[in-house]
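Working through the structure, step by step
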Amino acid sequence: MSHAGITNHVVDIQSRIDELRRQLREADHEYYNLGSPALTDSEYDELFRQLQALEEAHPDLVTDDSPTARVGAPLPGGDAVEKASHLAPMLSIESLTSAEEVREFDARARKLLGAEDGDELELTYATEPKFDGVSANLLYEDGLLVRALSRGDGTQGEDITNNIRTIRNVPLRLRGSGPFPARIEIRGEVILSRKGFEELQSQGETTTDTAFRNPRNAVAGSLKLLDPEIVRRRKLDFICWGVGHIEGLEVETYEQLQTRLAEFGLKTAEQFRVVSSVDEILAFHDDLEVRRDELEYEMDGIVAKINKLELQRRLGRRARAPRWILAYKFAPRRALTRVLDISAQVGRTGAITPVAELDPVELAGVTVKRATLHNWDLMQERDVRKFDAVEIERAGDVIPAVIKVFEDQRDTKSKQHPTPTECPVCASEVEKDGAFLYCMNLECAAQIQGRIVHMASRRALDIDRLGPKYVDQLLEVGLIKSPEDIFTLAEHREEILELERWGERSYDKMVEEIEKAKTPELARFLYSLGIRHVGETTAKDLASVFETLEDLESADEEQLQQVDGVGEEVARSITKFFALEGNRQFFKASRAAGLKIRRSEQTEGPLAGRVFCFTGGLNAISRD
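The present account deals with the structure reproduced in this document. (Residues numbered from 1 in each chain as written. Predicted model: local features only at pLDDT ≥ 70, side-chain atom pairs only at ≥ 80, totals over all residues. Heavy atoms only, no water.)

Attention shifts here to the overall build of the protein. Counting its regular elements, the protein contains 21 helices and 19 strands. Across the 624 residues that make up the protein, the buried fraction comes to 44%. Across the protein, the fraction of contacts at a sequence separation of at least 24, relative to all contacts at a separation of at least 6, is 68%. If you sum the accessible surface of the protein, you get close to 32400 Å²; carbon and sulfur atoms cover 48% of it. (Helix = DSSP H or I, 4+ residues; strand = E, 2+ residues; numbered from the N terminus. Buried < 20%, exposed > 50% of the residue type's maximum accessible area, 1.4 Å probe, protein only. Contact = heavy atoms within 4.5 Å. Areas by Shrake-Rupley, 256 points an atom, 1.4 Å probe, with all protein chains shown as cover.)

In structure tokens:
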């Protein structure tokens, strides 16, 4: 064959491959996003086989966005999942539970936008379901999917690209001829349909320990798997609900944005409506709540966003949530059961919480055996007793709680359950702080276990191997007696390798993670300590003011209250924590074991370290 003939032959093959890919992408979009497939399954399979054969014969023509590339290579067992930063933060949403709160949100937004009482400000909202799945952030560059991250802490997420690529309604390359945005973060919910969840249950699939409890639990478990092939079989879907960073896409409203995303080949919410009043938001909510069990996907409320993007920019955000978006939750699901006993649970901060042990009952797809009674004062106020008939609900469809007692069904010999006068785990004295009881013994076994598990958790020091079961195991054999002992576990190699479920690889991985954990940023370390009332945000705020742990240790309550978000109660909790002798010993022993705390990294850039004061009104941008 002549050179020209060879060239033409290659061009013909490339053209055929391009056409097969186009047909398969279109078929995926029609089937998974539109629900109206033009090809039969056998026709689709035949095209797929033709493409596979051509790519195998011509590996130099294989591309990452080919329909045959949906399953990537599994991660090597035991490897830590990589993390990366979102280009724009993934913030929380203000969660509302009543119509009155929705009206207050609307009034506040109008006031911030400059409308006085009685003024008519045209304000429309884009409303859609709040799906009960797992959020993900997909980065496309020039139309090609290059990375997918979990939400993580809102700033950084775990790289779940290989697993997201298996989701058939996620385009590996955006549909259309372009031009596409140079970079765009497309955000949405990874979710499993009711039908898909039923199929998963019928196949007997499980997590590491137990069967999946509900669709959201199944999605969360799936995205953590190391083998994308297993994820592919679980028929997950992705429904987009917004964007983060954008370069090169001009739209004026969220409605227009959703239209463009749908044109790009992404699935958007079928139940979507633009409304022009609070009453219409409430009507949309009530309609979906009535029909929630009939719809394809689980949802726990609705989301309403101010439709005009310019108004969103003007409203800006608070520390944790934008001011232009709300979530109006559905009423929790409820069930009737009976209290078999009342027990006391000791948490990592020493909080002693009453728990109702229940006659098992099905509630929203979960078998509920325990429910929180919140605190002892509330339990006494509601007069919950052993053997009572009660009504329970899953608050936000997550945490079961007792909400009603049927006193008319109570035995006449029934007695109130006493409030503990000592810790149920270590029998030490208890202290009342507001409505809560606390065990004051830092060496209490329940506190030690809880503190270690929290300290090793992903958002703290991130020592993956030190989960609850393994910590219990190490405590039981005496290799850990207090939190600082985690930093010297490498000294117990032979003893650990003799334990069940431990091998050379898992031990080496744990040691590697512990070594890395010995040089944490100050904000992470503060969060890992589990100081009462100090969460991730407060830890970051403290680390931005007090650059070293020593500075924080020596600060008094007045100095602490200068930090944004730190009031009297939080300041008192921090000073009390650092004053306790047990904690002083922990810091001393941890430093001796090699702990070196780094200053929290500051944002780099041309404005880093500079301070600006804005006065008056800003037209083009928000104050944030």
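Alright, that's what it looks like, and here's the rest.
What follows covers the pairing of strand S14 (residues 351-363). Examined bridge by bridge, strand S13 (residues 334-346) and S14 share 7 bridges and lie antiparallel to one another. Of the residues in S14, the one forming a bridge with glutamine 345 is threonine 353. In textbook terms, the turn of a hairpin is the stretch between consecutive antiparallel strands, and for S13 and S14 this stretch comprises 4 residues, one of which, glycine 350, has a positive phi near 90°. Bridging between S14 and strand S19 (residues 436-439) involves 2 bridges; their strand directions are antiparallel. Bridge pairing in S19 links isoleucine 352 to leucine 437. (Pairing = 2+ DSSP bridges.)

Once that is clear, we can look at empty space enclosed by the protein. All told, the structure shown has 2 cavities of 30 Å³ or more when counted by the stated rule. Forming the walls of the second largest cavity are Phe105, Arg108, Ala109, Leu112, Arg318 and Arg323. Classifying every residue of the lining of the second largest cavity gives 3 nonpolar, no polar and 3 charged. (1 Å grid on protein atoms, 1.4 Å probe; cavity = no way out; pocket = protein on both sides within 12 Å on 5 of 7 lines; lining within 4 Å. Points joined across faces, edges and corners; volume = space filled by probe spheres on them. Nonpolar A, V, L, I, M, F, W, Y, C, P; charged D, E, K, R; others polar.)

The set of residues buried in helix H13 (residues 468-476) consists of Tyr470, Val471, Gln473 and Leu474. With its buried residues spanning 160° around the axis, H13 presents them on a single face. Of the residues flanking the end of H13, it is glycine 478, one or two places downstream, whose phi is positive at about 85°. (Arc of directions from axis to C-beta.)

Pairing in this open sheet of 5 strands is mixed, and the strands run S2-S12-S11-S3-S10 from one edge to the other. The two strands at the open ends of the sheet, each matched to only one other strand, are strand S2 (94-96) and strand S10 (273-275). Strand-to-strand twist of the sheet, defined as the mean angle between neighbouring strand axes without regard to direction, takes the value 30°. Here strand S3 (residues 125-131) runs beside S10; their pairing, made up of 3 bridges, is antiparallel. The residue bridging tyrosine 125 from the neighbouring strand is valine 275, located in S10. (Axes fitted to C-alpha atoms, helices over the stretch in contact; angles between N-to-C directions.)

Shape is all these values report; function is a separate question.
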